[in-house]
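Chain residues, written in single-letter form:
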2 protein chains.
Amino acid sequence: MQEASDKLRGERKTIGFVPTMGYIHEGHLSLIDISNQNADITVASLFVNPTQFGPGEDYKKYPRDIERDKRLLEKRGCSILFEPDADTMYSKYFRTEVYVRNLCRLLCGETRKMHFKGVTTVVSKLFNIVKPDIAVFGQKDAQQAIIIKRMVEDLNYDLKIILGAIVREKDGLAMSSRNIYLNKKERRDAVVIYRSLKEAEQMIENGERGVLKILRLMRKVISEKKSARLDYIKAVDTNGLKPVSKIRGEVLIAVACYFGKTRLIDNIIVNPLNI
Amino acid sequence: MQEASDKLRGERKTIGFVPTMGYIHEGHLSLIDISNQNADITVASLFVNPTQFGPGEDYKKYPRDIERDKRLLEKRGCSILFEPDADTMYSKYFRTEVYVRNLCRLLCGETRKMHFKGVTTVVSKLFNIVKPDIAVFGQKDAQQAIIIKRMVEDLNYDLKIILGAIVREKDGLAMSSRNIYLNKKERRDAVVIYRSLKEAEQMIENGERGVLKILRLMRKVISEKKSARLDYIKAVDTNGLKPVSKIRGEVLIAVACYFGKTRLIDNIIVNPLNI
């Protein structure tokens, strides 16, 4: 992969990169589009990274369908697929960690303690392997994107991070490889996350700025579905991920919620200055 | 710097990199030679990195003489000097750490707890800024070189680490920017570190393989100087830095010793298979 990247760079071609864990859906493919709009060649990686799953999480059962992934990515204009195996990525001597202090411990990091350290470490490796000019991440994993932006700036990676908008099913559920875990009832109920976010957005558009009030309504909307078990709802600033009490400037409203055993996340970024 | 490196790479020139904290001596300059022998263009960095100094260590008084450094480096064939300031390297939002587990805590890491985390983080930044094909480190800081090799392999940096031999004063003292801290008596006494290492080497050449016996002699040699206060003497394997009891294969014998307030380090790498 490094040789291929050097060759492309030698030909003055810019490289766009879309890292994925596979089980490609329209969300991923929209990132391929963004990459193609911003770079000459798009590289996607397909790697279910073991180190970002905690004990008891779904590493083993994470859905995989490589042949289908290849077809979809190629059809959408991805030129190079980087698909390493775990033993190549992590030798038995492996002991290096890339870690973004504070940001890793908040929101999803409160329950998934090692998750973001696994993400930043593998993304750091992938950047060194793919050597992209731009890398595209989905806003669906907003905390991940914010952490990686921080890492890129701090470690002086010579590349630009672009954020892709969340792609949703017709009823509003954010696309995710994990949606396949949901049974029919859970799938129907899961739309409540999006509905709660839309309600929040509406309140803010109507002039509400108090976070307590907004989150209270969101909790009420979600609690109407018995299969929903909330992990967190938070409104935080988009730099430091610190909770805010008033909606001023740019705020990330993020939800993590279980339906059965499946943990789903979703978010909106609001900015009353842009209304 | 990134633009300059991209330009050189575009011209198919290879980049050699010698990171330094300045106060250049013949040890650094020997690394410039090695870089020039292995790459088309040599870049040196000159940055006294605050994050690798602990509280109470010598960050503030670390010797600096930039004009002299520039002259010496240029004369020796260094084409580009990268000399950032600390505020540029570490913005107020900085919170990313690169960390090599276990290796960071051993030897010098036992007393200098945060030192190697500071080193791996800044070297990771410098690699992303300078984008070298090779980087040259001195064996004087053997643990540092071993940790950085581990980091390069683990994070897939596309570059080769080359180790430069220790350069010594006429009486055997390893060259170091910190030697300037020594008063006359300390300077004379400090040669005892090298003498102890030579005695160890001699014993091994004569067939001795027992580490206890070798280190006992070394301690005896060093203790003859009253100004010497030993931090550690250890014989460890050169991959995992784990103590060995017998000299088999490649072994690092490393010493850290205070003379007055000045902490000096030195080492030899022995391999009975090569005798």
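Residues numbered from 1 in each chain as written. Chains lettered and ligands numbered in written order. Predicted model: local features only at pLDDT ≥ 70, side-chain atom pairs only at ≥ 80, totals over all residues. Heavy atoms only, no water.

**Considerations on the interface of chain A and chain B**
Size of an interface, as often reported, equals the accessible area lost when the parts are brought together.
Line of reasoning, step 1. Each partner contributes residues to the interface: chain A has 32 residues there, and chain B has 31 residues.
Line of reasoning, step 2. Buried area between chain A and chain B, summed over both chains or domains, comes out near 2,900 Å², and the portion from carbon and sulfur atoms is 40%.
Line of reasoning, step 3. On inspection of chain A and its partner chain B, the count reaches 4 salt bridges.
Line of reasoning, step 4. Ionic pairing is found between Glu97(A) and Arg101(B), a salt bridge with its closest N-O pair at 2.6 Å.
Line of reasoning, step 5. Secondary-structure elements contributing two or more residues to the side of chain A that touches chain B are helix 1 (2-10), strand 4 (96-100), helix 6 (115-130) and helix 7 (142-154) of chain A.
Line of reasoning, step 6. A class-by-class count of the residues in the side of chain A that touches chain B yields 10 nonpolar, 11 polar and 11 charged. (Contact = heavy atoms within 4.5 Å. Buried area = accessible area lost by both parts, 1.4 Å probe. Salt bridge = Lys/Arg side-chain N within 4 Å of Asp/Glu carboxyl O. Helix = DSSP H or I, 4+ residues; strand = E, 2+ residues; numbered from the N terminus. Nonpolar A, V, L, I, M, F, W, Y, C, P; charged D, E, K, R; others polar.)

**Some details on the relation of the copies chain A and chain B**
Line of reasoning, step 1. Mapping chain A onto chain B is achieved by rotating through 180 degrees and translating by 0.0 Å along the same axis, at an RMSD of 0.0 Å. On the angle and the small slide along the axis, the relation comes out as a two-fold axis. Ranked by how close their C-alpha atoms come to the rotation axis, the residues of chain A are headed by Val98(A), at 2.3 Å.
Line of reasoning, step 2. Same-surface contact between copies: 97% of interface residues of chain A are shared with the interface of chain B. (Least-squares fit on C-alpha atoms with pLDDT ≥ 70 in both.)

**Digging into the pattern of salt bridges**
All names here are of chain A.
Line of reasoning, step 1. Considering all chains together, one arrives at 44 salt bridges over all chains under this definition.
Line of reasoning, step 2. With a shortest N-O distance of 2.6 Å, Glu-26 and Arg-76 are connected by a salt bridge. With Glu-26 in helix 2 (residues 26-38) and Arg-76 in the loop between helix 3 (66-75) and strand 3 (80-82), this pair connects stretches of sequence that are 50 residues apart.
Line of reasoning, step 3. Using a relative accessible area of 32% as the deciding quantity, one classes Glu-26 as partly exposed.
Line of reasoning, step 4. With its nearest N and O atoms 2.8 Å apart, the salt bridge here joins Asp-266 to Arg-168. One end of the pair, Asp-266, is in strand 9 (residues 262-270); the other, Arg-168, is in the loop between strand 6 (160-164) and helix 8 (184-205), and 98 residues separate them in sequence.
Line of reasoning, step 5. Residue classification places Asp-266 among the buried residues on the basis of a relative accessible area of 3%.
Line of reasoning, step 6. Judged by relative accessible area, Arg-168 falls into the partly exposed class, the value being 21%. (Buried < 20%, exposed > 50% of the residue type's maximum accessible area, 1.4 Å probe, protein only.)

**With respect to the sheet that holds strand 8 (residues 251-259) of chain A**
Residue and element names in this part refer to chain A.
Line of reasoning, step 1. The antiparallel open sheet is built from 3 strands, whose spatial order is 7-8-9. Strands at the two margins of the open sheet, each flanked by one partner only, are strand 7 (228-237) and strand 9. Averaged over all adjacent pairs, the angle separating strand axes in this sheet is 15 degrees, with direction ignored.
Line of reasoning, step 2. The pairing of strand 7 with strand 8 spans 9 bridges and is antiparallel. Note that in strand 8 the partner of Arg-229 across the bridge is Tyr-258. (Pairing = 2+ DSSP bridges. Axes fitted to C-alpha atoms, helices over the stretch in contact; angles between N-to-C directions.)

**A look at the environment of Ser124(B)**
Line of reasoning, step 1. Within the secondary structure, Ser124(B) is located in helix 6 (residues 115-130).
Line of reasoning, step 2. The exposure class assigned to Ser124(B) is buried, which follows from its relative accessible area of 0%.
Line of reasoning, step 3. Considered as a pair, Ser124(B) and Val221(B) are 97 residues apart in the sequence and their alpha carbons are 39 Å apart.
Line of reasoning, step 4. Ignoring anything within four residues of it in the chain, the contact list for Ser124(B) reads Leu155(A), Val98(B), Met151(B) and Tyr157(B).

**Section: helix 6 of chain A**
Helical geometry note: an α-helix holds 3.6 residues per turn, so side chains three or four residues apart project in the same direction.
Residues and elements named next belong to chain A.
Line of reasoning, step 1. Taking 1.5 Å as the rise per residue, helix 6 with 16 residues should run 22 Å; its terminal C-alpha atoms sit 22 Å apart, in good agreement.
Line of reasoning, step 2. Among the 16 residues that make up helix 6, 16 are buried, leaving the element largely enclosed by the rest of the structure.
Line of reasoning, step 3. Directly after helix 6, the chain includes Lys-131, whose backbone phi takes a positive value near 50 degrees. (Expected span 1.5 Å × (residues − 1).)

**Topic: the packing of aromatic side chains**
Residues and elements named next belong to chain A.
Line of reasoning, step 1. Going through the model one piece at a time under the given rule, you end up with 14 aromatic pairs over all chains.
Line of reasoning, step 2. Measuring from ring centre to ring centre gives 5.8 Å for Phe-53 and Tyr-62, while their planes differ by 75 degrees; the resulting arrangement is edge-to-face. The two residues Phe-53 and Tyr-62 agree in class, both being buried.
Line of reasoning, step 3. Members of the aromatic cluster, each reached through a chain of ring pairs, are Phe-17, Phe-127, Phe-137 and Tyr-157.
Line of reasoning, step 4. Over the ring of Tyr-23 we find Arg-68, and its NZ or CZ is 5.8 Å from the ring centre.
Line of reasoning, step 5. In this arrangement the basic side chain of Arg-229 is found over the ring face of Tyr-258, its NZ or CZ atom lying 4.3 Å from the centre. (Phe/Tyr/Trp six-rings, centres within 6.5 Å; stacked < 30°, edge-to-face > 60°. Lys NZ or Arg CZ within 6 Å of the ring centre and 35° of its normal.)

**Some remarks on the confidence of the model for chain A**
Line of reasoning, step 1. Taken over all residues, the pLDDT of chain A has a mean of 97, while the share at 70 or more is 100%.
Line of reasoning, step 2. Scored as a complex, the prediction yields pTM 0.97 and ipTM 0.96. (pLDDT = per-residue confidence, 0-100.)

**Comments concerning the side chain of Glu186(B)**
All names here are of chain B.
Line of reasoning, step 1. Within the element layout of this structure, Glu-186 appears in helix 8 (residues 184-189).
Line of reasoning, step 2. This buried residue, Glu-186, is left without a salt bridge; Lys-185 holds the nearest opposite charge, at 8.8 Å.
Line of reasoning, step 3. Residues contacting Glu-186, with those up to four places away along its chain left out, are Tyr-181, Ser-227, Phe-259 and Gly-260. (Lys, Arg positive; Asp, Glu negative; His and termini not counted.)

**What about the pairing of strand 5 (residues 134-138) of chain B?**
Residues in a regular strand point their side chains to alternate faces of the sheet.
Residue and element names in this part refer to chain B.
Line of reasoning, step 1. Buried residues dominate strand 5, accounting for 5 of its 5 residues.
Line of reasoning, step 2. Taking every second residue as pointing to the same face, both faces of strand 5 are buried, with Ile-134, Val-136 and Gly-138 on one and Ala-135 and Phe-137 on the other.
Line of reasoning, step 3. Alignment of strand 5 against strand 6 (residues 160-164), held across 5 bridges, turns out to be parallel. Bridging across to strand 6, Phe-137 finds its partner in Leu-163.
Line of reasoning, step 4. In this fold, strand 5 hands off to helix 7 (residues 142-154), which returns the chain to strand 6; that crossover is right-handed. (Right-handed = clockwise from strand over helix to strand, strands pointing away.)

**Points about the domain arrangement of chain A**
Residue and element names in this part refer to chain A.
Line of reasoning, step 1. Per the domain assignment, the segments making up chain A are domain 1 (2-164) and domain 2 (180-274).
Line of reasoning, step 2. Distance between the C-alpha centres of domain 1 and domain 2: 25 Å.
Line of reasoning, step 3. Contact with domain 1, which involves 18 residues of that partner, is made by 16 residues of domain 2.
Line of reasoning, step 4. A buried area of about 1,600 Å², summed over both sides, lies between domain 1 and domain 2, and 62% of it is on carbon and sulfur atoms.
Line of reasoning, step 5. Among the residues of domain 1 in contact with domain 2, Leu-107, Lys-140 and Ile-146 are the three that bury the most area, contributing 34% of the side total. (Domains from an automatic or database assignment.)

**Description of unusual backbone geometry**
Line of reasoning, step 1. The phi dihedral of Lys131(A) falls on the positive side, at around 50 degrees, and the residue is not glycine.
Line of reasoning, step 2. Of note, Lys131(A) is situated in the loop between helix 6 and strand 5 (134-138).
Line of reasoning, step 3. The phi torsion at Leu241(B) lies on the positive side, around 55 degrees, for a residue other than glycine.
Line of reasoning, step 4. Take Leu241(B): its relative accessible area is 1%, and that puts it in the buried class.

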